[in-house]
Amino acid sequence: MAQPGLIRNFSSEDVIPANRLVVVSAAADFHVALAVDASAVYAGVTEQGTDEHLRVDVVMTQSAPIEFGEALIAGTPIVADSEGKAVEFDPANFVGETQVYVAGWVMEDGEAGVIGDVFLNPHVVATIPSA
């Protein structure tokens, strides 16, 4: 069971579903956008998705429920797929990258489409060497 810490309300330019990773938006202060990869700083995970005014509550610390984009095992570090769902951070997919943003790690096993808990621990992995 997720135990969210800091929850903050943000503006968004577009509709964002519930239980998705979001990133800090360059559009304006206190704006978020749907995370579509591992190239930007994660703000957290949406709770209910955007409302009719494009406002969204984002869990920024501790743990949050998130939709899995693939089968995941507890302890797996995650990044966002193209829909903001949690997928495994596999360094082999980022060879040669100089900055990869990781959102945290999953706290339970689950298949794609499951809403599972993630421990939010946003950090950057710098310079992934070639094999």
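Here, every reference points to the structure presented above.
Not measured: the values here are computed from a predicted model.

A complete count under the given rule lists 2 aromatic pairs for this structure. Note on Trp105 and Phe119: the rings are 5.4 Å apart at their centroids and 35° apart in plane angle, and the pair reads as tilted. Separated by 14 residues along the polypeptide, Trp105 in strand β9 (residues 99–106) and Phe119 in strand β10 (residues 115–126) bring together distant segments of the chain.

Another aspect to go through is a nonpolar patch on the surface. A cluster of nonpolar residues, Trp105, Met107 and Phe119, forms a patch on the protein surface that exposes about 260 Å² of accessible area. Mapping Met107 onto the fold places it in the loop between β9 and β10. The partly exposed category is assigned to Met107, whose relative accessible area is 37%.

In space, the 5 strands of this open sheet follow the order β6-β10-β9-β7-β8, with antiparallel pairing throughout. Two strands close off the open sheet at either side, each with one partner strand: β6 (63–67) and β8 (86–88). Sheet twist, expressed as the average angle between the axes of neighbouring strands with direction ignored, equals 55°. Here β6 pairs with β10 via 5 bridges, running antiparallel. From the neighbouring strand, Glu67 faces β10, where its bridge partner is Ile115.

Pairing between the strands of a sheet is mediated by backbone hydrogen bonds and can be parallel or antiparallel. Strand order in the closed barrel made by the 5 strands is β1-β3-β2-β4-β5, with mixed pairing throughout. Geometrically, the sheet is characterised by an average inter-axis angle of 55° between neighbouring strands, direction not taken into account. When strand β1 (residues 7–12) meets strand β5 (residues 55–59), the two strands line up antiparallel, connected through 5 bridges. Opposite Arg8, over in β5, you have Val58 as the bridge partner.

Leu21, Tyr42, Ile66, Ile78 and Val79 are the most contacted members of the largest nonpolar core, which totals 26 residues. Mapped by element, the contributors of at least two residues to this core are β2 (21–24), β4 (42–46), β6, β7 (77–80), β8, β9 and β10. Counting residues per element, this core draws most heavily on β9, at 5 residues. If near-sequence neighbours (up to four positions away) are discounted, Tyr42 is found in contact with Leu21, Val22, Val23, Ala35, Asp37, Val79, Ala80, Tyr101, Val102, Ala103 and Pro122. Core analysis: the next-biggest nonpolar cluster, separate from the first, contains 7 residues, Phe10, Val32, Val56 and Val58 among them.

What follows covers the environment of Gln99. Tracing the backbone through its elements, the reader meets Gln99 in strand β9. Sequence spacing of Gln99 and Ala40 is 59 residues, and the spatial spacing of their C-alpha atoms is 8.8 Å. The residues contacting Gln99, other than those within four sequence positions of it, are Ala38, Val124, Val125 and Thr127. There is a polar contact of 3.2 Å between the side chain of Gln99 and the side chain of Tyr101.

Procedures and definitions
Residues numbered from 1 in each chain as written. Predicted model: local features only at pLDDT ≥ 70, side-chain atom pairs only at ≥ 80, totals over all residues. Heavy atoms only, no water. Phe/Tyr/Trp six-rings, centres within 6.5 Å; stacked < 30°, edge-to-face > 60°. Helix = DSSP H or I, 4+ residues; strand = E, 2+ residues; numbered from the N terminus. Patch = residues over 30% accessible without salt bridge, like charges linked within 9 Å, V, L, I, M, F, W, Y side chains within 5 Å. Areas by Shrake-Rupley, 256 points an atom, 1.4 Å probe, with all protein chains shown as cover. Salt bridge = Lys/Arg side-chain N within 4 Å of Asp/Glu carboxyl O. Buried < 20%, exposed > 50% of the residue type's maximum accessible area, 1.4 Å probe, protein only. Pairing = 2+ DSSP bridges. Axes fitted to C-alpha atoms, helices over the stretch in contact; angles between N-to-C directions. Core = buried A, V, L, I, M, F, W, Y, C linked by side-chain atoms within 4.5 Å. Contact = heavy atoms within 4.5 Å. Polar contact = N/O pair within 3.5 Å; in protein donor to acceptor, adjacent residues only side chain to side chain.

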